[in-house]
Amino acid sequence: MGKLEGKTALITGGASGIGSASGLLFAQEGARVAIVADKNIEGGKDVVRRIVELGGTAIFLQADVTVPTEAKRIVDETVREFGRLDILFNNAGATLTKRLHETTLDDFDKVIGVNLKAVFLVSIFAVEQMLRQGGGVILTNASKAALVASDCSPVYAASKGGVLQLMQAMAVDYAKDNIRVNSLLPGIIDTPMTDLWIANQPDPGQARRQCEQAQPMKRMGTSEECARAALFLVSDDSKFVTGTHLLVDGGFCAR
């Protein structure tokens, strides 16, 4: 028996990085998985294909989770396909590297929309389903930026700080309803999003070395390591854990 045997998981931002690694791991642990992506359609379908090839069960859903009707639809379609929703992993995210005075209103709306508004929306419909079925687990991918400041990221940090407080407040509200709510706080993780940021720097090689040296372990984390932490938080291994955040940052925030 896997840790998630018989459970259904919905993962937003599931086409690459931490989302795809989590989808594969959750499926290997017995979960039926709904992978959601907006623009990376081929990536999302590829994750589903890989899950099925490994003997798992998965579907792909395309959606813009910043739109209320789309957020509702992915929950409804997951429940229609699998009968219930046990796990929501809010993993879709957007990043922004600009100082405050360089940030436009469109920048602000995009980052807050993906990182905070979408979490709010999808969680509403997931909670409604979990209340009907008697419980569930909600996990949201925040960031170490929710706790500590980094250069040129005030809006990104604000969005992740908002996620952290939203999850903690939800945990208190729904503990009596058998719904656990937690946050995952990755440090610098070697994902396609990180690779893109590095590639856009004046000296990509130096930028990668700086990312590695910034953490006491002197390397970036992997998507698979974050997926393992996510598995702990969504499985019964953490049955008495709610309203908390788990850092996966190679010791960055311990300094």
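Now for a quick tour of the structure. Remember, it's a predicted structure, so these values are computed and weren't measured experimentally.

### Let's talk about the packing of helix H6 (residues 192–199) against helix H7 (residues 204–213)
Thought 1: Following both chains from N to C, one finds H6 and H7 inclined at 135 degrees, their axes separated by 8 Å at the closest point. Considering the angle they form, H6 stands oblique to H7. Counted together, Asp195, Trp197, Ile198 and Ala199 of H6 and Pro204, Ala207, Arg208 and Cys211 of H7 form the full contact between these two elements.

### Concerning the nonpolar core
Thought 1: Within the largest apolar cluster, 34 residues are counted, with the highest numbers of intra-cluster contacts made by Leu10, Ile74, Val75, Val122 and Ile138.
Thought 2: Of all the elements, helix H4 (residues 105–133) adds the most residues to this core, at eight residues.
Thought 3: Ignoring anything within four residues of it in the chain, the contact list for Ile74 reads Leu10, Thr12, Val36, Leu61, Ala63, Val65 and Val122.
Thought 4: Of all hydrophobic cores here, the second largest spans 33 residues; its members include Phe26, Leu139, Leu184 and Ala229.

### What about the pattern of salt bridges?
Thought 1: The full count for this structure, using the stated rule, is eleven salt bridges.
Thought 2: Residues Asp237 and Lys3 are paired through a salt bridge, measuring 2.7 Å at the closest nitrogen-oxygen approach. Taken together, the residues span a long stretch of sequence, with Asp237 in the loop between helix H8 (223–234) and strand S7 (245–248) and Lys3 in the segment before strand S1 (8–11) at a distance of 234 residues.
Thought 3: On the accessibility criterion, Asp237 (47% relative accessible area) is partly exposed.
Thought 4: Accessibility expressed as a relative area gives 40% for Lys3, which makes it partly exposed.
Thought 5: Three or more residues joined by partner-sharing salt bridges are found here, namely Asp46, Arg49 and Glu53.

### Things to note about H8
Thought 1: Spanning twelve residues, H8 covers 16 Å between terminal C-alpha atoms, matching the ideal 16 Å at 1.5 Å per step.
Thought 2: Those residues of H8 lying buried are Ser223, Cys226, Ala227, Ala229, Ala230, Leu231, Leu233 and Val234.

### Here we look at the packing of aromatic side chains
Thought 1: The final tally for this structure, using the stated rule, is one aromatic pair.
Thought 2: Taking the centre distance of 6.5 Å and the plane angle of 35 degrees together, the rings of Phe26 and Phe89 count as tilted. A residue pair is termed long-range when its members are at least 10 positions apart, and Phe26 in helix H1 (residues 17–28) and Phe89 in strand S4 (residues 87–90) qualify at 63 residues.
Thought 3: Using a relative accessible area of 0% as the deciding quantity, one classes Phe26 as buried.
Thought 4: Stacked on the ring of Phe252, the Lys or Arg Lys144 has its end atom at 4.3 Å from the ring centre.

### Here we look at the packing of H4 against helix H5 (residues 154–174)
Thought 1: Orientation of H4 relative to H5, taken along the N-to-C sense of each, is 15 degrees, at an axis distance of 8 Å. On the basis of the axis angle, H4 is roughly parallel to H5. Crossing of H4 over H5 shows right-handed handedness. Facing Phe108, Val111, Ile112, Asn115, Leu116, Val119, Phe120, Ser123, Val127 and Leu131 of H4, the residues of H5 in contact are Val155, Tyr156, Ser159, Lys160, Gly162, Val163, Leu166, Met167, Met170 and Tyr174.
Thought 2: In the contact of H4 with H5, the residues fall into 15 nonpolar, four polar and one charged.

### Regarding the sheet that holds S7
Thought 1: Spatially, seven strands are ordered S3-S2-S1-S4-S5-S6-S7 in an open sheet, and the strand pairing comes out parallel. In this open sheet, the two edge strands, each paired with only one partner strand, are strand S3 (57–62) and S7. Across the sheet, the axes of successive neighbouring strands diverge by a mean angle of 15 degrees, strand direction being ignored.
Thought 2: Summarising the sheet, S1 and strand S2 (residues 32–37) pair through four bridges and their orientation is parallel. Residue pairing across strands places Ile11 opposite Ile35, the latter belonging to S2.
Thought 3: Sitting on the sheet, H1 is in contact with S1, S2, S4, strand S5 (136–141) and strand S6 (179–186), with an inclination near 170 degrees to S1.
Thought 4: Together, S4, S5, S6 and S7 form the strand contacts of H8, whose direction differs from that of S6 by roughly 165 degrees.

Cut-offs applied
- Residues numbered from 1 in each chain as written.
- Predicted model: local features only at pLDDT ≥ 70, side-chain atom pairs only at ≥ 80, totals over all residues.
- Heavy atoms only, no water.
- Axes fitted to C-alpha atoms, helices over the stretch in contact; angles between N-to-C directions.
- Helix = DSSP H or I, 4+ residues; strand = E, 2+ residues; numbered from the N terminus.
- Parallel < 35°, antiparallel > 145°, perpendicular 65-115°, else oblique.
- Contact = heavy atoms within 4.5 Å.
- Core = buried A, V, L, I, M, F, W, Y, C linked by side-chain atoms within 4.5 Å.
- Buried < 20%, exposed > 50% of the residue type's maximum accessible area, 1.4 Å probe, protein only.
- Salt bridge = Lys/Arg side-chain N within 4 Å of Asp/Glu carboxyl O.
- Expected span 1.5 Å × (residues − 1).
- Phe/Tyr/Trp six-rings, centres within 6.5 Å; stacked < 30°, edge-to-face > 60°.
- Lys NZ or Arg CZ within 6 Å of the ring centre and 35° of its normal.
- Left-handed = near helix turned anticlockwise from the far one by under 90°.
- Nonpolar A, V, L, I, M, F, W, Y, C, P; charged D, E, K, R; others polar.
- Pairing = 2+ DSSP bridges.

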